[in-house]
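Each chain, written out:
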Amino acid sequence: MSTIWFLDEESHLPPFTEQTVGAVEKKLHVKLPKSYIELMKQKNGFYLEKNCHPSPKPTAWGNRVIELDSLIGIGLGENSIGDTDYFLQEWGLRRDVVIISMNPPSFVCLDYRNTKSNPPVVYIDVDENHDFQIAASFEQFVQGLHVRSDEDEILPATTTIELSTSINLQTYKTTIDNVIEEGTADEVDSLFLDVAEHGDDETIQYFIRKIKNYRDARVRYNMTVILYYIVTGERQKLQNNLEFVEEILTELSGDKNKNIKKLAEQAILEMRKKRI
């Protein structure tokens, strides 16, 4: 996980001890994720090389990506997660979220509103009234971090599907086929995000079947993220076709890319929990 950092930057905070972790957890009334603690042992917060994360919804900037330039390290002093009271109060955030990155009025937080351990990661934009989950755990959040690229942009109106109408298979099958066969991975990914947002279930299923074995792992990973959001209820698409979702996730659980494999396994586990 250390590869997410700018390698030429020193830690923003000094190294911490187990006693420091205990003191921070006591102050915040939470149990910090082990994966967060291990990451901060490598570098206790600072600027990120991989500074973007997929978003299930467009942000205030119209992108389906969340940008964050740094992660906050462990400590009780200035610029640490134990010293965010001012921002919680100033921006009206609940005290059962722990800010791990911020660019006010937007924040990325560990969400303890429904748990005291193993929290999901949420994105909160106070001005836009956004508050939604972007990862089921901190470990999954780190797996989703990547360097910003063209595929993180919304395609211009001249190249994207008209979003004012519902995308249906009969109308857009040729477009989907052509982009998959002749387009770049960025174009495939951008088109899939549009279809996943605005398409009917038949079109989404068609697209998924076409790209579940796509050569570029980023396309497969972002597709798996969408499937995870469907399983957790963050997206309402395919809710009447969960057998199909499970079928694809089962196939992805054998993917050669370890991040895709792990995310698919987590999604399947979530599905099984809901059945209990």
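Everything in this summary refers to the structure shown in the same document. (Residues numbered from 1 in each chain as written. Predicted model: local features only at pLDDT ≥ 70, side-chain atom pairs only at ≥ 80, totals over all residues. Heavy atoms only, no water.)

**Considering the overall build of the protein**
Looking only at helices and strands, one finds 10 helices and eight strands in the protein. For the protein, the proportion of its 276 residues judged to be buried stands at 50%. Just so you have it, the protein exposes about 13,900 Å², and 47% of that area is on carbon and sulfur atoms. (Helix = DSSP H or I, 4+ residues; strand = E, 2+ residues; numbered from the N terminus. Buried < 20%, exposed > 50% of the residue type's maximum accessible area, 1.4 Å probe, protein only. Areas by Shrake-Rupley, 256 points an atom, 1.4 Å probe, with all protein chains shown as cover.)

**Concerning empty space enclosed by the protein**
Following the criterion strictly, the structure yields two cavities of 30 Å³ or more and no others. Around the second largest cavity, the lining residues are His53, Pro54, Ile134, Gln140, Gly144, Tyr221, Val225 and Tyr229. Within the residue set of the lining of the second largest cavity, elements represented by two or more residues are strand 2 (52-54), helix 4 (138-144) and helix 8 (217-232). For the lining of the second largest cavity, the element with the most residues is helix 8, which contributes three residues. In the lining of the second largest cavity, the residues fall into five nonpolar, three polar and no charged. (1 Å grid on protein atoms, 1.4 Å probe; cavity = no way out; pocket = protein on both sides within 12 Å on 5 of 7 lines; lining within 4 Å. Points joined across faces, edges and corners; volume = space filled by probe spheres on them. Nonpolar A, V, L, I, M, F, W, Y, C, P; charged D, E, K, R; others polar.)

**Description of the packing of aromatic side chains**
On inspection of all chains with the given rule, the structure shows seven aromatic pairs. Between Tyr36 and Phe138, the aromatic rings sit 5.3 Å apart at their centres with planes inclined by 85 degrees, giving edge-to-face as the arrangement. Here Tyr36, found in helix 2 (residues 34-42), pairs with Phe138, found in helix 4; they are 102 residues apart in sequence, far enough to count as distant. Of the two residues examined, Tyr36 and Phe138, each falls in the buried class. When the ring of Tyr86 is compared with that of Phe87, the centres are 5.3 Å apart and the planes differ by 80 degrees; the resulting orientation is edge-to-face. Given the relative accessible area of 52%, Tyr86 is considered exposed. Grouping aromatic residues by their ring pairs yields a cluster made of Tyr36, Phe138 and Phe141. (Phe/Tyr/Trp six-rings, centres within 6.5 Å; stacked < 30°, edge-to-face > 60°.)

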